[in-house]
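Residue strings, one per chain:
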Amino acid sequence: MAPEWKDAYEAGLFTEFMEQRAPGHTVLGDVIYRKGLLDLNKEVEAALRGLDFFNDPGALGKQMELQGMLIAADAVILFAERHAEKAEELAAAETHPRRKAELEKIAAVCRHVPAHAPRDFWEALQAYWFTHLSVITEANTWDSFCPGRFDQHLLPFYQQGLEDGTLTRETAKELLECLWVKFNNQPAPPKVGVTAAESGTYTDFANINLGGLKADGSDGVNEVTYLMLEVIDEMRLVQPSSNLQLSKKSPERFLQQGIEIIRKGWGQPSVFNADMVVEELLRQGKSLEDARQGGTSGCVETGAFGREAYILTGYFNLTKVLEIALNNGVDPRTGKQLGLETGDPRGFTSYQELFDAYRRQLHHFIDIKVRGNNIIERFYAEQLPVPFLSLLTEDCIAKGRDYNNGGPRYNTTYIMAVGPASCADSLTAVRCHVFERKDLSMDELLTALRENFEGHERTRLILWNKTPKFGNDDDDADQTYVDVTGAFYDEVNGRKNTKGGFYRVNYLSTTCHVYFGSAIGATADGRKAWEPVSEGISPVQGADRLGPTAVLKSAAKMDHARTGGTLLNQKFTPRLLEGRQGVENLAHLIRSYFILDGHHIQFNVVTAETLRAAQAQPEKYRDLIVRVAGYSDFFCDLTEALQNEIIARTEQSSF
C-alpha cells in the first residue's frame with residue numbers, strides 16, 4: 001500500500017475490513033431450494049462447452065473459473081456423503097429404535113442434499129446448512145453468510161409437509177431450533193489489532209430476515225415467519241441475528257409479536273423498513289423484482305439477495321477528518337502532515353470557509369481510501385477466488401467470472417461512515433460560538449481542544465450544554481448533520497470500483513466508534529479526548545434530551561434512500577414497554593419513523609443501573625445480553641470501554 005494510505009490507516013482515519021477476513025456480508029437467494037449441485041454442474045458444463053477460445057481473450061480465465069466451480073461442487077457433495085456414511089455407521093451400532101430411525105433419516109437426507117434439490121422441510125434446512133458451512137470454509141468463518149428470505153424459501157416445504165402428513169408444526173420447530181444451535185456454535189475466528197478494535201465480537205453476523213415483500217410486491221409474512229419468531233424467543237441465543245422486515249403491508253400481529261421479544265431486553269430482533277430497503281436498491285440500479293427479493297444482512301447493509309456481491313471495505317472516521325481540517329492538515333496526535341494544507345482556521349472569516357476545508361480534506365482521504373480498496377479488490381479477484389460461492393450467485397456461471405471478480409449481476413463496494421453526529425455537533429458548535437454568537441474566538445476554542453479542556457471546563461460546558469445538538473429535532477443542528485452526511489455521499493457515491501460496479505455509502509459502526517474515538521483528541525461538541533464518538537446514525541451519547549420522538553424526527557431528516565443502510569440505536573427502560581399499552585406505543589413509534597422514511601431501528605431494553613451492576617459483579621450477570629451495534633452480545637464479554645459507551649447512551653423513560 002502507498003505510504004499515504006498506511007499513514008492514514010495508522011492515524012485512525014479509516015480501517016480495512018479485508019485485512020483479516022474475506023469479502024463477506026453475502027446472502028443466498030433461492031437457488032439451492034430449486035436446484036441441486038448436480039443440476040448446477042450441468043449448467044457449468046454447458047458454459048464450458050460454449051467458450052470461444054478464438055474470439056474471446058478471456059476464455060482461458062473463464063475455463064479455470066468454471067472448472068473450479070465443478071471441483072468445489074463435487075467437494076461439497078462428498079462432504080455431505082461423509083456425513084451420511086457417519087450417520088449410517090452410528091445407526092448400525094444403535095440399539096434404541098427411535099434414535100436408530102433418526103440416524104437413518106439423517107443419512108438419507110445427507111445422501112440427497114445438496115447433490116439434489118430438497119424435497120421436504122428437513123432436506124431444505126440441511127441443504128442450507130451444508131451450503132453455509134461450505135461458503136464459510138471456502139472464504140472465512142467471519143463471512144456473515146446469511147440465508148436470505150429464509151421464511152419465504154421454507155414455506156412451500158412446510159406447507160407440503162403439513163398437507164401430506166410427513167411434518168408437524170412441532171417437528172418443524174424442533175428442526176429450526178437445532179439449526180439455531182448450529183448457527184450459535186459457529187463462532188468467527190479470533191481477530192487482532194485494528195480488526196478486533198473495529199468489531200470486538202466473535203459472532204459471525206449471520207442475520208435472519210423475516211417478513212418483507214415477495215417479488216410481486218405482496219406481503220411476505222407467513223406461517224414460517226411466526227414459527228421462526230417463536231424459535232428466536234425460546235432459544236434466546238446471541239446468534240444468528242434476526243430482524244423484522246416491516247413494510248406498510250405487514251400485518252400488525254407480525255410487528256407486535258416481534259416487540260414482545262424486543263421488550264424482553266436481549267437486543268433481538270431489530271426492525272427494518274422493507275419499503276425503504278426496496279427504494280434504496282432501486283436507486284442503486286437494481287430491478288424492481290430483485291430489489292423486492294433483497295433485504296439486509298450483517299448489521300444493516302442492503303443487497304440483492306443471491307444476485308449481488310456487496311463488499312464492506314472498512315470504516316471511515318468523519319470526526320477525525322474535521323480534527324485534521326481544524327489543524328491545517330496535521331494530525332495533532334502524531335504531528336504528521338496527513339491532510340492538505342487547507343489554511344489555519346484562525347484566519348477563517350466564515351463558517352463556510354471551515355466547511356469547505358472539511359470537504360477538501362474529506363475528498364483527499366476518500367481518494368486515498370478508494371485507491372487502496374481498488375488494489376485489495378484486484379488481489380481478491382486474481383488470487384483468492386471463491387468458486388463455490390460463485391456457483392450459487394446469479395450470473396457467475398453465465399459470465400464465467402468469480403464472485404470476487406464481477407461475476408454477480410450487481411457489484412457494490414461500501415464505505416461505512418462513523419461518527420456523523422460527533423462531527424456534525426462539533427461543526428455546529430464552531431459555527432454557533434465562533435462565527436455567530438462570537439462568545440469564543442477560534443484561538444480560544446483550538447487551545448481548549450489542544451489542552452483537552454484542562455483549565456477550560458467552563459468552555460467545555462458551554463459547548464456541551466449551550467449548543468444545538470443533533471437528536472433533539474432542532475433544525476439548526478440537524479441541517480449540519482444533513483450537510484455532513486451529504487458531503488460524504490457526494491465524495492463516495494457513484495465512484496467506479498474495479499468489478500463493473502460502484503461505491504456506495506452506509507452508516508454503521510459495530511465497535512469502531514470506540515476505536516476511532518481513541519484516535520481523536522477533544523472535539524468542539526464538548527467531548528474529551530480519546531472517548532468514543534457517536535455510533536451509527538444515533539445522536540452523541542447523552543446529547544439527545546427531548547425523548548425518542550425527537551431523535552427519530554432528527555434522524556429522518558437525512559435521505560436514507562441515498563444510503564445502503566443506516567443504524568439507529570435506542571435504549572428504553574423496561575418499565576416503559578410494560579403491558580399491552582407499552583407494546584402498542586413502541587409499534588406506533590416504529591411505524592412513525594418508517595413513515596418518515598427511516599431505514600432501521602433497534603433497541604436495548606435495560607437500565608443503566610443494571611448495566612453498572614453487571615460491571616461490578618459480572619459473575620451474577622453472565623446471561624445479560626445487550627444490543628451493541630448490528631448484533632447482540634453478552635454484556636460481560638465486552639470491553640470496559642464498550643460497556644461504558646452503552647451505559648452512556650441516553651436512557652429513554654417516556655415516549
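Everything below is about the structure printed above this text.
Quantities reported herein were computed from a predicted structural model and do not represent experimental measurements.

Engineer: How would you sum up the overall build of the chain? Please name residues and give values.
Structural biologist: Along the backbone of the chain there are 26 helices and 13 strands. Referenced to the eigenvectors of the C-alpha coordinate spread, the extents of the chain come out at roughly 80 × 70 × 45 Å. When burial is assessed residue by residue, the chain has 62% of its 655 residues classed as buried. Mean positive and mean negative side-chain charge positions of the chain (70 and 91 charges, respectively) differ by 1 Å.

Engineer: Got a sec to walk through the side chain of Ser-538? Specific residues and values, please.
Structural biologist: Checked against the element boundaries, Ser-538 lands in the loop between helix H22 (512-517) and helix H23 (548-555). In terms of polar contacts, Ser-538 uses its side chain to reach the side chain of Glu-535, at 2.9 Å. In this structure the side chain of Ser-538 is engaged in a polar contact, spanning 3.0 Å, whose partner is the backbone nitrogen of Asn-569. The residues touching Ser-538, leaving out its near neighbours within four places in the chain, are Ala-421, Phe-470, Leu-567, Leu-568 and Asn-569.

Engineer: Explain a nonpolar patch on the surface residue by residue, including any values.
Structural biologist: Taken together, Phe-53, Leu-60 and Met-64 make up a surface patch of nonpolar side chains, about 320 Å² in accessible area. Mapping Leu-60 onto the fold places it in helix H4 (residues 59-93). Its relative accessible area of 49% is what places Leu-60 among the partly exposed residues.

Engineer: Describe in detail the sheet that holds strand S6 (residues 308-317), supporting the description with residues and values.
Structural biologist: Taken in spatial order, the 3 strands make up an open sheet running S6-S7-S8, and their pairing is parallel. Taken across any chain shown, the strands that pair with only one partner, and hence form the sheet edges, are S6 and strand S8 (502-506). When strand polarity is set aside, the average angle formed by the axes of neighbouring strands in this sheet is 30°. Helix-sheet contacts for helix H14 (residues 318-325) involve S6 and strand S7 (410-418), and the interaxial angle to S6 is about 40°.

Engineer: So what's going on with the pairing of strand S1 (residues 207-211)? Residues and values would help.
Structural biologist: Along any regular strand the residues' side chains alternate between the sheet's two faces. Extensive coverage of S1 is indicated by the burial of 5 of its 5 residues. The sheet contact formed by S1 and strand S2 (residues 241-246) spans 5 bridges and is parallel. Paired with Ile-208 across the bridge in S2 is Ser-242. Each parallel crossover has a hand, and for S1 linked through helix H10 (residues 223-235) to S2 it is right-handed.

Engineer: Please give an account of the environment of Ala-519 that cites residues and values.
Structural biologist: Positionally, Ala-519 belongs in the loop between H22 and H23. In sequence terms Ala-519 and Leu-175 are 344 residues apart; their C-alpha atoms lie 47 Å from each other. With near-sequence residues (within four places) excluded, Ala-519 lies in contact with Ala-11, Gly-12, Lys-320, Glu-323, Arg-333 and Trp-530.

Engineer: With reference to specific residues and values, describe the side chain of Gln-239.
Structural biologist: Within the secondary structure, Gln-239 is located in the loop between H10 and S2. Judged by its relative accessible area of 5%, Gln-239 falls in the buried class. Setting aside chain neighbours within four positions, we find Gln-239 in contact with Trp-180, Phe-183, Asn-184, Gln-186, Pro-187, Tyr-202, Thr-203, Asp-204 and Phe-205.

Engineer: Tell me about the sheet that holds strand S10 (residues 600-605), residues and numbers included.
Structural biologist: The strands that make up a sheet are held in pairs by hydrogen bonds between backbone atoms, and each pair lies either parallel or antiparallel. Spatial strand order, S1-S2-S3-S10-S9-S13: 6 strands in an open sheet with mixed pairing. Strand pairing shows two members of the sheet lacking a second neighbour, S1 and strand S13 (651-652), which therefore form its edges. In this sheet, S10 lies alongside strand S9 (residues 569-572) in parallel orientation, the contact comprising 4 bridges. If you follow Gln-570 over to S10, its bridge partner there is Phe-603.

Engineer: Outline the pairing of strand S3 (residues 270-273), listing residues and values.
Structural biologist: Burial along S3 is two-sided: the residues Ser-270 and Phe-272 and Val-271 and Asn-273 are all buried. Where S2 lies against S3, 4 bridges are found, and the strand directions are parallel. When the sheet's bridge partners are listed, Gln-245 is paired in S3 with Phe-272. Of the crossover connections in this fold, the one passing from S2 over helix H11 (residues 252-262) to the parallel S3 is right-handed. Where S3 lies against S10, 2 bridges are found, and the strand directions are antiparallel. Looking at S10, one finds that Val-271 is bridged to Ile-601.

Engineer: Any details on the environment of Val-109? Residues and values, ideally.
Structural biologist: Take Val-109: it is sitting in helix H5 (residues 97-112). When the C-alpha atoms of Val-109 and Lys-496 are compared, they prove to be 45 Å apart, with 387 residues separating the residues in sequence.

Engineer: Which residues make up H14, and what values do they have?
Structural biologist: Working note: α-helix, 3.6 residues per turn, so residues spaced by three or four point in the same direction. A large share of H14 lies buried, amounting to 8 of its 8 residues. Buried-residue contacts for H14 involve S6, helix H15 (351-383), S7, helix H18 (420-436) and helix H21 (475-492).

Engineer: How would you summarise the packing of helix H6 (residues 121-138) against helix H8 (residues 169-184) if you had to cite specific residues and measurements?
Structural biologist: Their axes nearest at 10 Å, the elements H6 and H8 cross at an angle of 10°. Taken together, the axis directions place H6 and H8 in an arrangement best described as roughly parallel. Contact with H6, carried on its side by Phe-121, Trp-122, Leu-125, Tyr-128, Trp-129 and His-132, involves Ala-172, Leu-175, Leu-176, Leu-179, Lys-182 and Phe-183 of H8 and no other residues of that element. Its residues assigned to classes, the contact of H6 with H8 shows 10 nonpolar, 1 polar and 1 charged.

Engineer: Got a sec to walk through the nonpolar core? Specific residues and values, please.
Structural biologist: Ranked by internal contacts, the top residues of the largest apolar core, which has 193 residues, are Phe-121, Leu-154, Phe-316, Phe-488 and Ile-590. When residues of this core are assigned to their parent elements, the largest contribution, 12 residues, is made by H15. In this structure, Phe-121 is in contact with Leu-154, Phe-157, Tyr-158, Leu-167, Ala-172, Leu-175 and Leu-176, ignoring residues within four places of it in sequence. Judged by nonpolar contacts, the second largest core, of 5 residues, contains Leu-213, Val-277, Val-278 and Ala-291.

Engineer: Break down the packing of aromatic side chains for me, citing the residues and quoting the values.
Structural biologist: Within this structure, the stated rule accounts for 23 aromatic pairs. Look at Phe-79 and Phe-130: their rings are 5.8 Å apart centre to centre, the planes differ by 70°, and that puts the pair in the edge-to-face class. Here Phe-130 lies in helix H6 and Phe-79 lies in helix H4, a separation of 51 residues in the sequence. Here Tyr-593 and Phe-594 contribute two aromatic rings whose centre-to-centre distance is 6.0 Å and whose plane-to-plane angle is 40°, an arrangement assigned as tilted. By the ring-pair criterion, three or more aromatic residues cluster together here, those being Tyr-128, Trp-129, Phe-145, Phe-150, Trp-180 and Phe-183.

About the thresholds
- Residues numbered from 1 in each chain as written.
- Predicted model: local features only at pLDDT ≥ 70, side-chain atom pairs only at ≥ 80, totals over all residues.
- Heavy atoms only, no water.
- Helix = DSSP H or I, 4+ residues; strand = E, 2+ residues; numbered from the N terminus.
- Buried < 20%, exposed > 50% of the residue type's maximum accessible area, 1.4 Å probe, protein only.
- Lys, Arg positive; Asp, Glu negative; His and termini not counted.
- Charge placed at Lys NZ, Arg CZ, Asp CG, Glu CD.
- Polar contact = N/O pair within 3.5 Å; in protein donor to acceptor, adjacent residues only side chain to side chain.
- Contact = heavy atoms within 4.5 Å.
- Patch = residues over 30% accessible without salt bridge, like charges linked within 9 Å, V, L, I, M, F, W, Y side chains within 5 Å.
- Areas by Shrake-Rupley, 256 points an atom, 1.4 Å probe, with all protein chains shown as cover.
- Salt bridge = Lys/Arg side-chain N within 4 Å of Asp/Glu carboxyl O.
- Pairing = 2+ DSSP bridges.
- Axes fitted to C-alpha atoms, helices over the stretch in contact; angles between N-to-C directions.
- Right-handed = clockwise from strand over helix to strand, strands pointing away.
- Parallel < 35°, antiparallel > 145°, perpendicular 65-115°, else oblique.
- Nonpolar A, V, L, I, M, F, W, Y, C, P; charged D, E, K, R; others polar.
- Core = buried A, V, L, I, M, F, W, Y, C linked by side-chain atoms within 4.5 Å.
- Phe/Tyr/Trp six-rings, centres within 6.5 Å; stacked < 30°, edge-to-face > 60°.

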